[in-house]
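# Structure assessment
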Amino acid sequence: MQMSELRMLVVLSEEMNMRRASERLFVSQPALSQRLQTIEKSWGFQIFIRSQKGLTLTPAGEKVVSFAREVVEKEEQVREKILELEGEVHGTLKLAVASIIGQHWLPEVLKTYVRKNPHAKISLITGWSSEILKSMFEDHVHIGIIRGNPDWKGVKEHLFSDTLYLVDTEISKVEDVLHTERPFIQFKSDSTYYQEIQDWWHRQFQTSPKRTIVVDQIETCKQMAFNGIGYAILPSVTLKENEQDIFKVPLLDENGKPIERDTWLLGYESSFELKQVKAFLDIVKEHK
């Protein structure tokens, strides 16, 4: 098989969906389906089972995809080592980043990175911190940036801490929550963040919110709170100092200290030897 076909199988195995894979590969869905049929014919067996729900790897397909992924990764490593000989930063920087960080902290860092390293490429995955850890353990990325305090055996560097705030257009004191009919707007997050908020709430009020609205994205949650629909609890990394007509009340722990959430950078020693990773770490230090 050609390298393009191996990369195609890797993308299909990551997306498990013909439409999304075709978008990533910049080919039409019928063309992608035809190429997959040709590859399966050359192997003499089915690699993926197609259904309305998406793709499923066959047992034989798992072995083929594992082979494809190994070859693609080795080719990238060889290319990166060859390009390193030229002095400039080349290769692909593979990042897996918590969604909140990807939206509010990372863009400024990547802006500097791209400007300083025009020949480098970037592969970025965003999601919950639990998903980022999974990508790290499976060695799919060079660097992971997650929220909370993970149990990690490799390189682990603290980036920053940010305070949690109760945000609302009307509520200026935490105790006012007990006297409002306005809903508590929550965004879906990983279990550690959710548990941290729950612990604070029950410690503070010994009761549950009267009304709640649950949304998928933190930015949706923020915009609903800023537009006066209800109140929310948001980390300061999502807030700006000059935002007006909004109250931001810090959450305090049992000792009266602001509750903070940590952000960590994770990686393996071997990844930190790559030029594109070193260049990224240098820029991260500038933004700490």
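Predicted, not measured: the structure shown is a model, and the values here were computed from it.

## Topic: the nonpolar core
By size, the foremost hydrophobic cluster in this structure holds 56 residues, and its most contacted members are Trp 105, Ile 145, Trp 200, Leu 265 and Phe 280. Leaving out residues up to four positions away in the same chain, Leu 265 has contacts with Ile 143, Gly 144, Ile 145, Val 155, Lys 156, Glu 157, Leu 159, Phe 272, Phe 280, Leu 281 and Val 284. Core analysis: the next-biggest nonpolar cluster, separate from the first, contains 19 residues, Phe 48, Leu 55, Val 64 and Val 72 among them.

## Remarks on helix 7 (residues 129-137)
Of all the positions in helix 7, only Ser 129, Ile 132, Leu 133, Ser 135 and Met 136 are classed as buried. Viewed end-on, helix 7 has its buried residues packed into an arc of 160°, placing them on one side of the element. Residues of helix 7 that are buried in the fold lie against strand 3 (92-98), strand 4 (121-127), strand 5 (143-147) and strand 11 (260-267). Downstream of helix 7 by one or two residues, Asp 139 has phi in the positive range, about 60°.

## Points about the side chain of Thr 92
Relative to the elements of secondary structure, Thr 92 occurs in strand 3. Given the relative accessible area of 18%, Thr 92 is considered buried. Leave out the neighbours within four places in its chain, and Thr 92 touches Glu 80, Lys 121, Ile 122, Ser 123, His 142 and Gln 276.

## Points about unusual backbone geometry
One non-glycine residue, Gln 206, lies in positive phi territory at about 55°. Locating Gln 206 in the fold gives a position in the loop between helix 8 (191-205) and strand 8 (212-215). Phi angles above zero are rare outside glycine, and Asp 245 is one such case at about 60°. You can see Asp 245 is positioned in the loop between strand 9 (231-235) and strand 10 (247-250). For Asp 245, a relative accessible area of 70% gives the class exposed.

## Details of the confidence of the model for the protein
The predicted coordinates of low-pLDDT regions are not to be read in fine detail. Counting all residues, the mean pLDDT for the protein is 90, and 98% of those residues have values of 70 or more. Within the protein, helix 7 has the poorest average pLDDT of any element, 83, and strand 9 the best, 95.

## As for the packing of helix 6 (residues 106-116) against helix 10 (residues 275-287)
When two helices pack together, their arrangement is captured by the angle between the axes and the distance separating the axes. At their nearest, the axes of helix 6 and helix 10 sit 10 Å apart, and the two run at 130° to each other. Relative to helix 10, helix 6 is oriented oblique. Between helix 6 and helix 10 lies a crossing of right-handed hand. Together, Leu 106, Glu 108, Val 109, Leu 110, Thr 112, Tyr 113 and Lys 116 of helix 6 and Gln 276, Ala 279, Phe 280, Ile 283, Val 284, Glu 286 and His 287 of helix 10 make up the contact between the two elements. The residue makeup of the contact of helix 6 with helix 10, split by class, is eight nonpolar, three polar and three charged.

## Some details on the environment of Ile 229
By secondary structure assignment, the location of Ile 229 is in the loop between helix 9 (218-226) and strand 9. Residues Ile 229 and Thr 56, 173 residues apart in the sequence, show an inter-C-alpha distance of 42 Å. Residues within four places of Ile 229 in sequence aside, it is in contact with Arg 182, Pro 183, Ile 185, Ile 213 and Met 224.

## Overview of helix 3 (residues 29-43)
Compared with the 21 Å implied by 1.5 Å per residue over 15 residues, the 21 Å span of helix 3 between its first and last C-alpha is a close match. For helix 3, the full list of buried residues reads Leu 32, Leu 36, Ile 39 and Glu 40. One side of helix 3 holds all its buried residues, which, seen down the axis, span an arc of 100°. For helix 3, the exposed residues lying more than 90 degrees away from the buried face are Pro 30, Lys 41 and Ser 42. Among the structural elements, helix 1 (3-15), helix 2 (18-25) and strand 1 (48-51) are those in contact with the buried residues of helix 3. Structurally, the start of helix 3 carries an N-cap: the backbone nitrogen of Ala 31 is 3.2 Å from a side-chain oxygen of Ser 28. At the C-terminal side of helix 3, Gly 44 shows a positive phi close to 90°.

Criteria and cut-off values
Residues numbered from 1 in each chain as written. Predicted model: local features only at pLDDT ≥ 70, side-chain atom pairs only at ≥ 80, totals over all residues. Heavy atoms only, no water. Core = buried A, V, L, I, M, F, W, Y, C linked by side-chain atoms within 4.5 Å. Buried < 20%, exposed > 50% of the residue type's maximum accessible area, 1.4 Å probe, protein only. Contact = heavy atoms within 4.5 Å. Helix = DSSP H or I, 4+ residues; strand = E, 2+ residues; numbered from the N terminus. Arc of directions from axis to C-beta. pLDDT = per-residue confidence, 0-100. Axes fitted to C-alpha atoms, helices over the stretch in contact; angles between N-to-C directions. Parallel < 35°, antiparallel > 145°, perpendicular 65-115°, else oblique. Left-handed = near helix turned anticlockwise from the far one by under 90°. Nonpolar A, V, L, I, M, F, W, Y, C, P; charged D, E, K, R; others polar. Expected span 1.5 Å × (residues − 1). Polar contact = N/O pair within 3.5 Å; in protein donor to acceptor, adjacent residues only side chain to side chain.

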